[in-house]
Amino acid sequence: MKRRNFITQTAATGAFIGLGGLSVSFSKNTKKQITILHTNDVHSHIEPFGPNHPKNPSMGGVARRATLIQQIRAENPNTLLLDAGDMFQGTPYFNFYGGELEFKLMSKMKYDAATIGNHDFDNGLSGLLAQMPHANFDFISSNYDFSNTILDGQTSPHKIFVKDGIKIGIFGLGVELKGLVNDNLYKETKYLDPVEIATDMTKILKQDKKCDLVICLSHLGYEYKNESTISDVQLATRTKDIDLIIGGHTHTFLDKPTIHQNLKGKKVLVNQVGCYGLYLGRIDFYLDENKNIEGSGVSISV
Amino acid sequence: MKLRFYTFFILLIFISACKNNPPAPLSVSTINGKRIPIDTTIAPDPEIENYIRPYTLHLNSTLDSTLAYNPQNLSIRDGKLNTALGNMIADLVMEQANPIFKSRTGKNIDFVLLNYGGIRADIGEGNVSTRTGYQLMPFENDIVIVELSGKKMLEMLSYLEDAKIAHPISGIQLRVDKKFKTINATIGNKPIDKERTYFVATSDYLQQGGDSMFFFNEPLNLYTIDYKLRNAIIDYFQKVDTLRAAIDNRYIQTP
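Residues numbered from 1 in each chain as written. Chains lettered and ligands numbered in written order. Predicted model: local features only at pLDDT ≥ 70, side-chain atom pairs only at ≥ 80, totals over all residues. Heavy atoms only, no water.

K.L.:
So what's going on with the confidence of the model for chain B? Residues and values would help.
P.N.:
All names here are of chain B. For chain B, the average pLDDT comes to 91, and 90% of its residues sit at 70 or higher. Across residues 7-23 the pLDDT falls below 50, and counting only partners more than four positions away or on other chains, this stretch makes seven contacts in the model. Both scores are given for the predicted complex: the pTM is 0.73, the ipTM 0.87. (pLDDT = per-residue confidence, 0-100. Contact = heavy atoms within 4.5 Å.)

If you want it as structure tokens, here you go:
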């Protein structure tokens, strides 16, 4: 019985290999769409800017962002909503309420995950922990080792979301805290090398867990003049198997994602939407059975 | 025996190969990316607006009463190595913090050093309120007084030479050359004395190495006065009728 089973299976495999390139023409139209929405460095900007603001008149505002997110979710329920950190600090809402309203509103908008930015430590580890009960979304952080702190167990190094059968693996990278955040705020938090951690995370997500898409939520910053400083652009070129890096920290306004080549010569998208909730980033991935042998076969219209 | 082992092994490979290959793997064929402006064309969600309202009302009742008048637009970007806004804030820190420090220690603050990046907003012409204080200084930073050795003072000058930026100062005069090297540094009209120590008011953020001001680490003495930088700003606004701020010659470059 077992032997017969084996023969059938090998035969099937043989047939599959034999058809190879042709298999596409037999497939049904099974195109799937995954929409990634993202913000970064919202910095407690709950209300829109006033009409007389010199730079961003009448822009932003959580209530408008909520409407937009609902509209997009209604079009495509297979949507993930992500934030790349620095949710806290920047308006009196944070000074008065400590981040409670920020997390409550993000929960109401059904954020799926966020990574931790340097300003999210501004009320210390205890200040962040105190607000976590108000957050119905995951904190994904891969290169901060919180094991000797009160945040131990409150964050995940990676998380896999499944939308319409598509596995989306997400990991998170934070910026080096020394010299940027008072050490009494982050205490025993250990900062681990982003490239090494990204290499570990992509191995887990792509090779072990077979994710279809791998997204890095980063608060490293888009790009620095000093090339030895790790940035999203550096990360994209020095790793493999990341499809999209959603960045923050440098308040970089990209009007569209930038495209970089990874170690395998495959394309990596990097996006960042400035700050203060002025823009919502939107990336749509269309997946079908038209298996691209090379990543460069992907048509990217940005 | 050996042969049987290999057969088994090959069989394992085939089975695992079949299990790991779903019949029709999907892969990315197209990616579209864009950003969507959050502007007046999008109607605010009424439920979210209602949820925010009580928080806003409570905030505004505290924040929006007028404290003083500002006759000119003030920006930390207007000026080269000293700016009207930076000068005003460094001066008000001296004015507000020194009496507290003196009453507690009997000593005077020699000078103030803050950081350019810590001034987080401009002040437009018009009325200023508590909200202005929050905009300028959203962070919960405390004023601290650091006692620096002469050696650390030289490290500080070298830091400023590298920074080449209008870090707000008060009580110290700096003249630098084209390459930002110090020509002259005086405190109370006297050159810096490497043999004595100096009391410097700054923020706890900078004292603990913020903005890489590592010369503030491990000072001879550290004094806290339980006074937030923002509260010093707001108290100053409350005290004066009209803000007076100007660029001067406290930190200049000689061609």
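Having put the structure on the table, let's press on.
K.L.:
Please provide a residue-by-residue account of the pattern of salt bridges, values included.
P.N.:
Using the criterion set out here, one finds 21 salt bridges over all chains in the structure. Across the salt bridge formed by Lys190 of chain A and Asp145 of chain A, the nearest N and O atoms sit 3.9 Å from each other. Taken as a pair, Lys190 of chain A in strand 8 (residues 190-191) and Asp145 of chain A in strand 5 (residues 144-145) lie far apart in primary sequence, 45 residues in all. With a relative accessible area of 38%, Lys190 of chain A lands in the partly exposed category. A salt bridge links Arg104 of chain B to Asp226 of chain B, with the nearest nitrogen and oxygen atoms 3.3 Å apart. With Arg104 of chain B in helix 3 (residues 84-105) and Asp226 of chain B in strand 11 (residues 221-228), this residue pair connects regions lying 122 residues apart in the sequence. On the basis of relative accessible area, Arg104 of chain B is assigned to the partly exposed category, the value being 48%. Through salt bridges with shared partners, a single ionic network connects Glu75, Arg282 and Asp284 of chain A. (Salt bridge = Lys/Arg side-chain N within 4 Å of Asp/Glu carboxyl O. Helix = DSSP H or I, 4+ residues; strand = E, 2+ residues; numbered from the N terminus. Buried < 20%, exposed > 50% of the residue type's maximum accessible area, 1.4 Å probe, protein only.)

K.L.:
Now, about the sheet that holds strand 6 (residues 158-163) of chain A: what can you tell me, with residues and values included?
P.N.:
Residues and elements named next belong to chain A. The strand order 6-7-9-10-12-11 describes an open sheet built from six strands, whose pairing is mixed. The two strands at the open ends of the sheet, each matched to only one other strand, are strand 6 and strand 11 (258-261). Going from strand to strand, the sheet's axes swing by 25° on average, the running direction of each strand aside. In the sheet, strand 9 (residues 213-218) pairs with strand 10 (residues 244-246) via three bridges, with the strands oriented parallel. Bridge pairing links Cys216 to Ile245 in strand 10. Taken strand by strand, helix 8 (residues 194-208) contacts strand 6, strand 7 (166-173) and strand 9, and its axis lies near 165° from that of strand 7. (Pairing = 2+ DSSP bridges. Axes fitted to C-alpha atoms, helices over the stretch in contact; angles between N-to-C directions.)

K.L.:
Tell me about the packing of helix 3 (residues 62-75) of chain A against helix 2 (residues 46-63) of chain B, residues and numbers included.
P.N.:
Contact geometry of helix 3 of chain A with helix 2 of chain B gives a least axis separation of 8 Å together with a crossing angle of 155°. Classified by the angle their axes make, helix 3 of chain A and helix 2 of chain B are roughly antiparallel. In terms of crossing hand, the pair formed by helix 3 of chain A and helix 2 of chain B is right-handed. From helix 3 of chain A, Val62, Ala63 and Ala66 of chain A reach across to helix 2 of chain B, where they touch Ile48, Glu49 and Ile52 of chain B. Along the lines of polarity and charge, the residues of the contact of helix 3 of chain A with helix 2 of chain B split into five nonpolar, no polar and one charged. (Parallel < 35°, antiparallel > 145°, perpendicular 65-115°, else oblique. Left-handed = near helix turned anticlockwise from the far one by under 90°. Nonpolar A, V, L, I, M, F, W, Y, C, P; charged D, E, K, R; others polar.)

K.L.:
Describe the interface of chain A and chain B, and please don't skip the residues or the numbers.
P.N.:
With 75 residues of chain A at the interface, the matching set in chain B holds 51 residues. Buried surface at the junction of chain A and chain B, both sides included, amounts to about 5,700 Å², of which 61% is carbon and sulfur. Taken as a group, Arg64, Phe96 and Asn182 of chain A account for 10% of the area that chain A buries against chain B, more than any other trio of residues on that side. Here chain A and chain B share one salt bridge between them. The residue Glu47 of chain B makes a salt bridge to Lys108 of chain A at a minimum N-O spacing of 3.3 Å. For the side of chain A that touches chain B, the secondary structure elements donating two or more residues are helix 1 (2-19), helix 3, helix 4 (92-97), helix 5 (100-108), helix 7 (183-186), strand 13 (279-288) and strand 14 (299-301) of chain A. Counting residues per element, the side of chain A that touches chain B draws most heavily on strand 13 of chain A, which supplies 10 residues. Tallied by class, the residues present in the side of chain A that touches chain B amount to 33 nonpolar, 23 polar and 19 charged. Where strand 13 of chain A and strand 1 (residues 27-37) of chain B come together, 10 bridges link them in antiparallel fashion. Among the inter-strand pairings, Tyr279 of chain A is bridged to a residue of strand 1 of chain B, identified as Pro37 of chain B. (Buried area = accessible area lost by both parts, 1.4 Å probe.)

K.L.:
Got a sec to walk through the nonpolar core? Specific residues and values, please.
P.N.:
Residue and element names in this part refer to chain B. The biggest cluster of nonpolar side chains holds 86 residues, and the ones touching the most others in it are Met88, Ile143 and Phe237. Considering each element in turn, this core owes the most residues, 10 residues, to helix 3. Those residues in contact with Met88 that lie beyond four places of it in its chain are Leu74, Ile123, Tyr236, Phe237, Leu243, Arg244 and Ala245. Of all hydrophobic cores here, the second largest spans 27 residues; its members include Val144, Met156, Leu157 and Ile187. (Core = buried A, V, L, I, M, F, W, Y, C linked by side-chain atoms within 4.5 Å.)

K.L.:
Could you give an account of the pairing of strand 7 (residues 172-176) of chain B, with specific residues and numbers?
P.N.:
Residue and element names in this part refer to chain B. Because side chains alternate across strand 7, one face comprises the buried residues Ile172, Leu174 and Val176, and the other comprises Gln173 and Arg175, none of which is buried. In this sheet, strand 8 (residues 182-187) lies alongside strand 7 in antiparallel orientation, the contact comprising five bridges. By the bridge assignment, Val176 is partnered in strand 8 with Thr182. Connecting the antiparallel pair strand 7 and strand 8 is a turn made up of five residues, with Phe180 showing a positive phi of about 70°. As paired strands, strand 7 and strand 12 (residues 251-253) are joined by three bridges and run parallel to one another. Looking at strand 12, one finds that Leu174 is bridged to Tyr251.

K.L.:
Residue-level account of the sheet that holds strand 4 (residues 138-139) of chain A, with values.
P.N.:
Strand order in this open sheet of seven strands is 4(A)-3(A)-2(A)-1(A)-13(A)-1(B)-14(A), and the pairing throughout is mixed. Each edge of the open sheet is held by one strand with a lone partner, namely strand 4 and strand 14 of chain A. In terms of strand pairing, strand 2 (residues 79-83) of chain A meets strand 3 (residues 113-114) of chain A through two bridges, oriented parallel. Counted as the bridge partner of Leu82 of chain A is Ala113 of chain A from strand 3 of chain A. Along the sheet face, helix 3 of chain A touches strand 1 (32-39), strand 2 and strand 13 of chain A together with strand 1 of chain B and points at about 10° away from the line of strand 13 of chain A.

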